[in-house]
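Inside the fold
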Amino acid sequence: MDPANREAERIRAEYRRRDAAGGPSVSAWLDPVYRVQVQELEWALLAGLEGAGAPLSGARVLEVGCGSGYFLGRLLDYGAAEAAGIDLVEERIAVARERYPRLELVAGDATSLPWPDESFGLVTQFTCLSSVLDPEVRRAIAAEMWRVLAPGGAVVSYDVRSPRWPVRALRRVGSLRGPAGGGTPAQPVPLEELRAWFPGGELSHRSVGVDADVGGLLSRLRLSPRLGARVPALRVHELAVVRKPGG
């Protein structure tokens, strides 16, 4: 089996394991830490696109690793004209089709996107690339994202960054930790990789959100997790917008 297929099978297995371990269906929106993470992301995303001169209104957008379609649905809410997505896990695509019938959805491998060159004005990924542990496969996915992006369009990357020392210190204090999470293995996506993957692009970025453990600690202390999101050293995600030359 070649490296791309081997990595695809590993990722499918990880996400199916996580979905199966999810237990009873409880809305994630009941978790105050999740609410803060998503709301902070959406504010930063809209501000980042505006600042980069990449408006959503009327755009055709693609999400790589779209899961059950939440962010694609939100991009339509923000003003995108058309939205398409691709994900490795067929079950997640089936859920997305049921929830968001307006979306163009494909179950497949993002190392070979089924769209022509320069098909989209905006190409996004939300914690997809960090779930890909093979560096060559990550590079191949990024190359495909750049290929299908039209000149003058933008790539949006929201992903894990290496935790700063306050987060590492708090994580080492076992008494502060909440219940163990069921996340998949993740490899942070540094800005240097983004610059190499999207050559010649104009990159802007900002840290967003709050570490889940720190946010959980604040909640148990009856404080808002949003306090953690106000401290840059406690943020564990990076939102980057890369504008493609031309257009």
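To keep things clear, this report deals only with the structure shown in the data block.

Once that is clear, we can look at the state of the cysteines. Applying the stated criterion across every chain, the model contains zero disulfides. With no disulfide of its own, Cys66 lies closest to Cys128 among cysteine sulfurs, the gap being 9.4 Å. The class for Cys128 is buried, based on a relative accessible area of 13%.

Moving on: helix 2 (residues 32-51). In this model, helix 2 (20 residues) spans 28 Å end to end at C-alpha, consistent with the 28 Å of a helix rising 1.5 Å per residue. Where helix 2 is concerned, the buried positions are Val33, Val36, Gln37, Val38, Glu40, Leu41, Glu42, Ala44, Leu45, Gly48 and Leu49. Two to three positions downstream of the cap, the backbone nitrogen of Val33 sits 2.9 Å from a side-chain oxygen, assigning the N-cap of helix 2 to Asp31. Following helix 2 by one or two positions, Gly53 has its phi on the positive side, about 70 degrees.

Let us look at the packing of helix 1 (residues 3-20) against helix 4 (residues 90-99). Relative orientation of the contacting elements helix 1 and helix 4 amounts to 60 degrees, with a least axis distance of 10 Å. Overall, the two elements helix 1 and helix 4 adopt an arrangement that is oblique. Residues Arg12, Tyr15, Arg16, Arg18 and Asp19 of helix 1 lie in contact with helix 4, whose contacting residues are Glu90, Glu91 and Arg92.

A grouping of Leu221, Leu223 and Leu227 is seen on the molecular surface, where their side chains present a nonpolar patch of about 280 Å² in accessible area. Along the chain, Leu221 turns up in the loop between helix 8 (212-220) and helix 9 (226-229).

Successive residues of a regular strand alternate their side chains across the two faces of the sheet. The element strand 7 (residues 237-243) is largely enclosed, with a buried count of six among its seven residues. Note that strand 5 (residues 149-160) and strand 7 share seven bridges and pair antiparallel. Looking across to strand 7, one finds that Val155 is bridged to Val242. Sheet topology places strand 6 (residues 202-208) next to strand 7; seven bridges connect them, and they run antiparallel. The residue bridging Arg206 from the neighbouring strand is Leu239, located in strand 7.

This brings us to the sheet that holds strand 2 (residues 82-87). Pairing is mixed in the open sheet, where seven strands are placed in the order 3-2-1-4-5-7-6. The open sheet is flanked by strand 3 (104-107) and strand 6, the only strands paired with a single partner. Across the sheet, the mean angle separating the axes of adjacent strands is 15 degrees when strand polarity is ignored. One ladder, built from five bridges, connects strand 1 (residues 60-64) with strand 2; its direction is parallel. Each residue of the ladder has a partner; that of Val61, found in strand 2, is Ala83.

With that out of the way, let us pick up the nonpolar core. The tendency in soluble globular proteins is for nonpolar side chains to be buried as a group. Core analysis: the largest hydrophobic core is formed by 32 residues, its most contacted members being Leu62, Val64 and Phe198. Counting only elements with at least two residues in this core, the list comes to helix 1, strand 1, strand 2, strand 4 (120-126), helix 5 (135-148), strand 5, helix 7 (191-197) and strand 7. Top contributing element to this core by residue count: helix 5, with six residues. Ignoring any residue separated from it by four or fewer positions in sequence, one finds Phe198 in contact with Ala142, Met145, Trp146, Val155 and Val242. Grouped together as the second largest cluster of nonpolar side chains are 28 residues, Ala59, Cys66, Ala80 and Leu105 included.

Each value, and the rule that gives it
Residues numbered from 1 in each chain as written. Predicted model: local features only at pLDDT ≥ 70, side-chain atom pairs only at ≥ 80, totals over all residues. Heavy atoms only, no water. Disulfide = S-S within 2.5 Å. Buried < 20%, exposed > 50% of the residue type's maximum accessible area, 1.4 Å probe, protein only. Helix = DSSP H or I, 4+ residues; strand = E, 2+ residues; numbered from the N terminus. Expected span 1.5 Å × (residues − 1). Polar contact = N/O pair within 3.5 Å; in protein donor to acceptor, adjacent residues only side chain to side chain. Axes fitted to C-alpha atoms, helices over the stretch in contact; angles between N-to-C directions. Parallel < 35°, antiparallel > 145°, perpendicular 65-115°, else oblique. Contact = heavy atoms within 4.5 Å. Patch = residues over 30% accessible without salt bridge, like charges linked within 9 Å, V, L, I, M, F, W, Y side chains within 5 Å. Areas by Shrake-Rupley, 256 points an atom, 1.4 Å probe, with all protein chains shown as cover. Salt bridge = Lys/Arg side-chain N within 4 Å of Asp/Glu carboxyl O. Pairing = 2+ DSSP bridges. Core = buried A, V, L, I, M, F, W, Y, C linked by side-chain atoms within 4.5 Å.

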